[in-house]
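# Coordinate inspection notes
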Amino acid sequence: MAAAASAPAFAPHTGGAASNAARVRVMIADDSAVVRGLVARWIGEAGFEVVATASNGRIALESMSRTDPDVVLLDIDMPELDGTQALPLILAKSPGVQVVMMSTLTTRNADISLRCLALGAVDYLAKPESNRGVTTSDTFRAELIERVRVFGAARARRRPHSAPAPVGAAQIATAPAQRPATPFVLRPKTRTGIPPRCLLIGSSTGGPRAVGEVLEKIGTATLRQFPVLIVQHMPPVFTAVFAEHLGARTGIPAAEGKPDERIVPGRIYVAPGGRHMGLQGSRNDLSIRLDDGPVVNFCRPAVDVLFHDAAALYGSAALAVILTGMGSDGTNGSRSLTEAGAAVLAQDEATSTVWGMPGSVAKAGLAQAVLPLGEIGPALRNLLTGHGA
């Protein structure tokens, strides 16, 4: 991404060159020879293995069976067969492979990237606009390596633990995803008797798809009664398109939050990429607060900023959920909310793309419930309408 402040958040890996690095196999599909060469060098220096490079989607697809990658870095704009055309074919050929879409920061590419997530890509990565930008961007390099590390480890968990089978064997292609059960019981919360007045959502990696499903399962009728404030770690341009997608999916007006915009029921406010979104005003007359302050938890916007303000202004009348994402953003804010008497739910490990943010909240004992993604929407609807969790 162009700058650290506008990047999806992640907690930098502080260990050595990844103990699982030797098992992470990477394919790079990009029509730029400069990008392919740079990314291959970075991946090699990080201790991972580049098993193939491709200048278009057709070559990438033809290489899948032979190279059996764990992670595919797939550019959107390529000749012959572009990334959007290649994605479903790659996933059909190698179920479980972790595909990260790459694109420059344009409205068109943001829209395409979000559609690719719905088709099965696990994440997206915004590239600098020029080859020189790719060469000089430490942020882009760090985010790329972090995704290879995280998604390579996720792919390794899905592979059989028996002796290696021949490349392309059916048992590899069809191996079920096995993830450990979330080792946390639901945490009871002392009810204050104050009904929720808002819904807060924090998410990162895997979040666009998860947020859409949660809101859809809450239902339009319920959403019309409450304001929904969302911090999804995304760069500028992407957040505006993300809001448009949510509005189309839910039938509720949705847009990036604007400075001093009054918070009203029946509207979805998305934190704009590159800016923190908080709250200001009095409890009965709240509005959006945006600022360009320092990054929090390695990112801007940060979930903690919104949650801290909501704890101070909504108190126990806030209701929050932490969904899939890298890092620990949202944990400190969730602590403020629970201390104020508000309820916080968290997504479980088995259904999270990355169990960083919700896992941190769960391990800290701050979640009233740790639930599979499919159960979060109904649970929130019950809490919002006064029927309990």
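Note on numbering: residues in each chain are counted from 1, in written sequence order. Only residues with pLDDT of at least 70 are given local features in this predicted model, and only at 80 or more are side-chain atom pairs given and counted; all residues enter the totals for whole chains, interfaces and linings. To get the side-chain values, all heavy atoms of the structure are used, and hydrogens and water are removed first.

Relative accessibility thresholds used throughout: buried, under 20% of the residue-type maximum; exposed, over 50%; partly exposed, between the two (1.4 Å probe, protein chains only). Only DSSP runs of H or I reaching four residues or more are called helices, and only runs of E reaching two or more are called strands; each is numbered from the N terminus. Among the 5 residues of strand β13 (residues 343-347), 5 are classified as buried, and the element is accordingly described as predominantly covered. The alternating pattern of β13 places A343, L345 and Q347 and V344 and A346 on opposite faces, both of which are buried. Where strand β12 (residues 318-322) and β13 come together, 4 bridges link them in parallel fashion. Looking at the pairing, V321 lines up with L345 of β13. Crossover handedness is defined here as right-handed if the route from the first strand over the helix to the second strand goes clockwise, with the strands pointing away from the viewer. For the crossover that starts at β12, traverses helix α12 (residues 331-339) and ends in the parallel β13, the hand is right-handed. Each parallel crossover has a hand, and the one from β13 via helix α13 (residues 357-363) to strand β14 (residues 369-371) is right-handed. Paired strands, as defined in this entry, are two strands with at least two bridges between them according to DSSP.

A separate point is the sheet that holds strand β6 (residues 198-203). Across the sheet, 7 strands lie side by side as β8-β9-β7-β6-β12-β13-β14; this open sheet has parallel pairing. Every other strand in the sheet has two partners, leaving β8 (254-256) and β14 as the edge strands with one partner each. Taken over all neighbouring pairs, the strand axes of this sheet differ in orientation by 20 degrees on average, direction set aside. Sheet topology places β6 next to β12; 5 bridges connect them, and they run parallel. By the bridge assignment, C198 is partnered in β12 with A318. Whether two residues are in contact is decided by their heavy atoms: any pair within 4.5 Å suffices. Helix axes are fitted only over the stretch in contact, all axes being lines through C-alpha atoms; the angle between N-to-C directions runs from 0 to 180 degrees. Set on the sheet, helix α10 (residues 238-250) makes contact with β7 (228-232), β8 and β9 (268-270); between it and β8 the angle comes to about 170 degrees.

Pairing is parallel across the open sheet formed by 5 strands, whose spatial order is β2-β1-β3-β4-β5. Each end of this open sheet is capped by a strand with a single partner; those strands are β2 (49-54) and β5 (123-127). Ignoring strand direction, the axes of neighbouring strands in this sheet form an average angle of 20 degrees. In the sheet, strand β1 (residues 25-29) pairs with strand β3 (residues 71-75) via 4 bridges, with the strands oriented parallel. Its bridge partner being in β3, I28 is matched across the sheet by L73.

Let us now look at the packing of aromatic side chains. The aromatic pairing rule takes the rings of Phe, Tyr and Trp, using the six-membered ring of Trp, and pairs them if the centres are within 6.5 Å, calling planes under 30 degrees apart stacked, those over 60 edge-to-face and the rest tilted. Enumeration according to the criterion identifies 2 aromatic pairs in this entry. Considering the side-chain rings of W42 and F140, the 6.0 Å spacing of their centres and the 70 degrees angle between planes classify their relative orientation as edge-to-face. Taken together, the positions of W42 in helix α1 (residues 33-45) and F140 in helix α6 (residues 138-158) put the pair 98 residues apart, joining distant regions of the chain. Exposure remark for W42: the relative accessible area of 2% places this residue in the buried category. Look at Y124 and F238: their rings are 4.8 Å apart centre to centre, the planes differ by 20 degrees, and that puts the pair in the stacked class. Separated by 114 residues along the polypeptide, Y124 in strand β5 and F238 in helix α10 bring together distant segments of the chain. The two residues Y124 and F238 agree in class, both being buried.

What follows concerns unusual backbone geometry. With omega at 10 degrees, the peptide bond leading from R300 into P301 counts as cis. Even without being a glycine, V237 presents a positive backbone phi close to 80 degrees. Along the chain, V237 falls in the loop between β7 and α10. Using a relative accessible area of 28% as the deciding quantity, one classes V237 as partly exposed. A positive phi angle is found at N297, which is not glycine, with a value near 55 degrees. Mapped onto the fold, N297 is located in the loop between β11 (285-291) and α11 (303-313). Judged by relative accessible area, N297 falls into the partly exposed class, the value being 23%.

As a further point, take the pairing of β5. For β5, the buried fraction is high: 5 of the 5 residues fall into the buried class. A two-sided burial pattern is seen for β5, the buried positions comprising D123, L125 and K127 on one face and Y124 and A126 on the other. At this point the chain moves from strand β4 (residues 98-104), through helix α4 (residues 107-119), to the parallel β5, and the crossover so formed is right-handed.

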